[in-house]
Amino acid sequence: IQLFNSVAADGAGNAYVLVTVLDSFGLKVSGERILQVSPDGKEQRILYEAEYDPSENLLRVGKLQSLTVQDGMLYFFRKEAAAAVLLRIAAEPFGASPSPDAAATGPAPEELRSYPLQPNQYLSELTGTDPNGFYFTTKRGRLYKAGESGTPELLYPSGGRQQLNFP
C-alpha cells in the first residue's frame, strides 16, 4: 500500500512526490521514497529511498516531510527521535546525464544540518530551506525558529504562556 503524502513542483513543471510505503495491512511504514515526475507524467525516477526496520514501529507516518524545490535543489526534512535533519538533493531535469557517483536511485542527499531537540520536545511539522533559520511545530502546539545557536526560539504562544487549544 502506498500513500502519497506531499508534492512540490519546480519552475519546469516537474513534480516531486513523497510516497510512504505501508505493510499489507496499511498500518506500519516499511519505507519512503521521493519520486520526480515529468510535467506530462510519462517519466518518473526515484531521487531518494529509505527503508525502515519494523522495530521502529512507524504507524502510517514516516520520517520524511516538507518537500521544497528552490534553485534546482530539492530540500526535505527527516524527523529523528532527538533531532530534525535538513537534507537537500539536486533536482536534475529529465534527459540530463546523471552524475557519475549516482546510484540507481540517484546521488545521496547532502545533510545541511542536524538540529538537536530539547528534552520532551516532539516534532510535528518542519519547514524552510535555510540551515540556520528553519521553523518547526511540536505536538504541544508550539511554533519555534531553529536558529544558529542550537536553542530554539519560541514564536508561539508568545511569552511562553500555557495554551489550552493547539493551532
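Residue numbers restart at each chain and count upward from 1, following the sequence in its written direction. Given that this is a predicted model, residues contribute local features only at a pLDDT of at least 70 and side-chain atom pairs are listed and counted only at 80 or more, while totals for whole chains, interfaces and linings are drawn from all residues. The side-chain figures draw on all heavy atoms in the structure; neither hydrogens nor water molecules are used.

S.K.: Can you explain the pairing of strand S11 (residues 143-146)? Please cite residues and give values.
M.R.: A 1.4 Å probe rolled over the protein chains alone gives each residue an accessible area, and that area as a share of the maximum for its type sets the label: buried under 20%, exposed over 50%, partly exposed in between. Only DSSP runs of H or I with at least four residues qualify as helices, and only runs of E with at least two residues qualify as strands; both kinds are numbered from the N terminus onward. Residues of S11 alternate between two faces, with Tyr144 and Ala146 buried on one and Leu143 and Lys145 left unburied on the opposite face. Note on pairing: two strands pair once DSSP finds at least 2 bridges between them. Where strand S10 (residues 134-138) meets S11, four bridges bridge the pair, whose relative direction is antiparallel. Looking at S11, one finds that tyrosine 135 is bridged to lysine 145. Hairpin remark: S10 followed by S11, antiparallel, with four residues in the connecting loop; positive phi at glycine 141, about 80°. Summarising the sheet, S11 and strand S12 (residues 153-156) pair through three bridges and their orientation is antiparallel.

S.K.: Pulling in residues and values, what's your account of the environment of phenylalanine 136?
M.R.: Note on placement: phenylalanine 136 falls in strand S10. When the C-alpha positions of phenylalanine 136 and glutamate 125 are compared, they lie 5.5 Å apart, and in sequence the two are eleven residues distant. Aside from chain neighbours lying at most four places away, what touches phenylalanine 136 is Tyr115, Gln121, Leu123, Glu125, Leu126, Arg142, Leu143, Tyr144, Ala146 and Pro152. The contact criterion used is simple: two residues touch if any of their non-hydrogen atoms lie within 4.5 Å.

S.K.: Pulling in residues and values, what's your account of the packing of aromatic side chains?
M.R.: Geometry of aromatic contacts follows a simple scheme: Phe, Tyr and Trp rings, the Trp one being its six-membered ring, pair when their centres are within 6.5 Å, and the pair is stacked under 30 degrees between planes, edge-to-face over 60, tilted otherwise. One pass over the structure, following the stated rule, counts five aromatic pairs. Their ring planes at 75° and their centres at 5.7 Å tell us that tyrosine 115 and phenylalanine 134 sit as a pair that is edge-to-face. With a gap of 19 residues between them, tyrosine 115 in strand S8 (residues 110-116) and phenylalanine 134 in strand S10 connect regions that are remote in the sequence. Judged by relative accessible area, phenylalanine 134 falls into the buried class, the value being 0%. The rings of Phe77, Tyr115, Phe134, Phe136 and Tyr144 are connected pair by pair, giving a single aromatic cluster.

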